[in-house]
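Summary of structural features
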Amino acid sequence: MGMGKYIAQRLLFTLFVVLGISILIFFITHIVGNPVDIMLPLQATDVEREALTKALGLDKPMMEQLWIFLRDFSRGDFGISWWQNRPCMEVIMDRLPISMWLILLASMISVVCAIPLGILAAYRPGSILDRVVTIFSTAGICFPPFWIGLMLMLIFAVKLGWLPTSGMGTWKHLVLPAVSISFRPMGHLAQIVRFEMIQQLNALYAVTARAKGVTEMTLLFKHALKNIMTASLTMIGNDYCKQLGGLSAAVEVVFGFAGFGHLISETIENMDFPLLQAEVFFVAIIVCLINLLTDILYAAFDPRIRY
Amino acid sequence: MEETKQKPILSVKNLGTSFFLREGEVKAVDDVSFSLNKGECLALVGESGSGKTVTALSILRLIVWPPGKIVSGEVNLDGVDVFSLPMKEMRNVRGKGIAMILQEPMSSLNPSQTIGRQIQEAVEINQGLKGEAAKKAAIDMLGVVRIPSPEKRYYNYPHELSGGMKQRIMIAIALACRPKVLIADEPTCSLDVTIQAQILRLMQQLRKEIETTILFITSDLGIVAEMADRVAMMYAGQLIEILDVYKLWDAPAHPYTKGIMGSIMAMKEGGRLSIIEGDPPNLLHLPSGCHFHPRCQYCQDICKTQVPAYTDLDGDGKHWVRCHFPLRKDK
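Residues numbered from 1 in each chain as written. Chains lettered and ligands numbered in written order. Predicted model: local features only at pLDDT ≥ 70, side-chain atom pairs only at ≥ 80, totals over all residues. Heavy atoms only, no water.

**Observations regarding the environment of A:Leu96**
All names here are of chain A. For Leu 96, the location among the structural elements is in helix α5 (residues 88–123). Residue Leu 96 is classed as buried on the basis of its relative accessible area of 4%. With 13 residues separating them along the chain, Leu 96 and Trp 83 place their C-alpha atoms 17 Å apart. In this structure, Leu 96 is in contact with Leu 244, Phe 260, Phe 282 and Ile 286, ignoring residues within four places of it in sequence. (Helix = DSSP H or I, 4+ residues; strand = E, 2+ residues; numbered from the N terminus. Buried < 20%, exposed > 50% of the residue type's maximum accessible area, 1.4 Å probe, protein only. Contact = heavy atoms within 4.5 Å.)

Here it is in structure tokens:
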């Protein structure tokens, strides 16, 4: 199967996933409760209630509502945000791209640090260096990112004054939140890299390579590194999706960063269902696309995978 | 254990390698000595778990600590004391000095690199060639191991090749190192019989063409007869007998060797299959004295307490045996 055909197939599959998620979103909002009750004050009259029900189209049969819902979604019309009183699409477009950049930066930081750390640890399993890396990566996973954020802010913004404490606008505003977010994926990735690397260095092909006179450095970087990439990519993609799906919220709040994670938490606070629907929809699409991207990248590293 | 006259190209003296497990020390290789003369093929024979592969890996210092460790002995390759070299200089021994063919061709190649690159790497490291010249040499090696259309196969990945083809690639990698000594660790054991025959024929042809010295590890006595000049028998981590290959059928001196040969001879003559009673020993709880004594029909009291030393049976340094009561033909 050709690469193009594979991508087309996967995109089609993504379409089905998105459709399924849209239908799920539709039913979940209907299970949660009557939006009219949430939107109107308690003392609203029946006339007011009926008017709103009609305006929202809630008086129509369920199947028709679903049809309208899907039709609007496919057009990129996610309705009006109750809380901000403007189209949901607009709200999301204000907040999503900056967070995607922020988390991408965090991912890059974590990859750049985690791969060397994991390799160092795997090079001599059980050594002091290995233990230091293990403790560091476990700490990275365990410490809450917002706490790390606060500490970084205290040191680099308050004490040293190198970087702004909060807000957004320049690249400098991205640094501290990105570093705070990067700790958890860094810990995960370093542990995966360590584990995978130990497997590779004990593989039979490593004996073959050493027996022909290959140095440990060549073995690590020319042979083994490529073989640990599939597992690492899975982890990197996974962590990116998790962060974008709301994990980054606490850090964004700490740094007063008006990003997507922050938006999700605000949306929930304000019980803004149309906006929440749209957010879930966007996260779903991004998760699908990132999975597609990692699947395509697998082929670049593992010749046994051919599409 | 010195061979007379000729100076051996590889000599192993009192090699001991142990694995330190939670249950205790496993002496996988214990006081093994042998030597190889230039151009000859020595077969290292023994049942699985007798320490053949560990011996080979020890010679190349490829034992991984933990849990494995070389605890004693010395290896001399063409005048170089291998065990005293710093690790950095080991890569001059590995490849150029001693190359190795592993027993599992299926998993002994890097899955994410073309076979051509993997051969070329051996060429670059050990022949000092670079770029196009190295590539040409790698393609030539594919031809040497009789891979059809080598220019195309150069770009294949291991998973695109059959088991027999992969073993040819392993041989090509080993030969591309231009080694002084080639260690072949059961190169045919995971292949089916017809492919086994092909690989063996290839190795015999190559042996004639390039006159390498070979340490051939196997548990198949049929292969021994075809390939080897001399035979070294291993049992429970120890080398128990070294002799010329024709003597193996004629005059084995160790009861274990005789037992094994007896079982083959009986099969050939259509008689009853003679067997060696009992099981191979557990390396964690080795029998005292001679490790073979619980299974030996000639066992005396001394065998139970004292480890036998090497005896030069004929006084000419050609036939060594580790037994208190070696069998002699005239007896």
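**Section: the confidence of the model for chain A**
Mean pLDDT over chain A stands at 87; residues scoring 70 or higher make up 99%. By mean pLDDT, the top-scoring element of chain A is helix α6 (residues 128–142) of chain A (93), and the lowest-scoring one is helix α2 (residues 35–39) of chain A (73). (pLDDT = per-residue confidence, 0-100.)

**A look at a negative patch on the surface**
All names here are of chain A. A cluster of like negative charges, contributed by Asp 46, Glu 50, Asp 59 and Glu 64, occupies part of the molecular surface. Examined against the element boundaries, Asp 59 turns out to sit in the loop between α3 (46–56) and α4 (62–74). By relative accessible area, which is 47% here, Asp 59 ends up partly exposed. (Patch = residues over 30% accessible without salt bridge, like charges linked within 9 Å, V, L, I, M, F, W, Y side chains within 5 Å. Areas by Shrake-Rupley, 256 points an atom, 1.4 Å probe, with all protein chains shown as cover. Salt bridge = Lys/Arg side-chain N within 4 Å of Asp/Glu carboxyl O. Lys, Arg positive; Asp, Glu negative; His and termini not counted. Charge placed at Lys NZ, Arg CZ, Asp CG, Glu CD.)

**So, the interface of chain B and chain A**
With 30 residues of chain B in contact, the opposing surface of chain A contributes 20 residues. Summed over both sides, the interface of chain B with chain A buries roughly 2000 Å², with 60% coming from carbon and sulfur. Between A:Lys212 and B:Glu121 there is a salt bridge; the shortest N-O distance is 3.2 Å. There are 11 residue pairs in polar contact (both at pLDDT 80 or more) connecting chain B and chain A. Of all the elements in the fold, those that place two or more residues in the side of chain B that touches chain A are β6 (98–101), α3 (115–127) and α6 (163–176) of chain B. By residue class, the composition of the side of chain B that touches chain A is 16 nonpolar, nine polar and five charged. (Buried area = accessible area lost by both parts, 1.4 Å probe. Polar contact = N/O pair within 3.5 Å; in protein donor to acceptor, adjacent residues only side chain to side chain. Nonpolar A, V, L, I, M, F, W, Y, C, P; charged D, E, K, R; others polar.)

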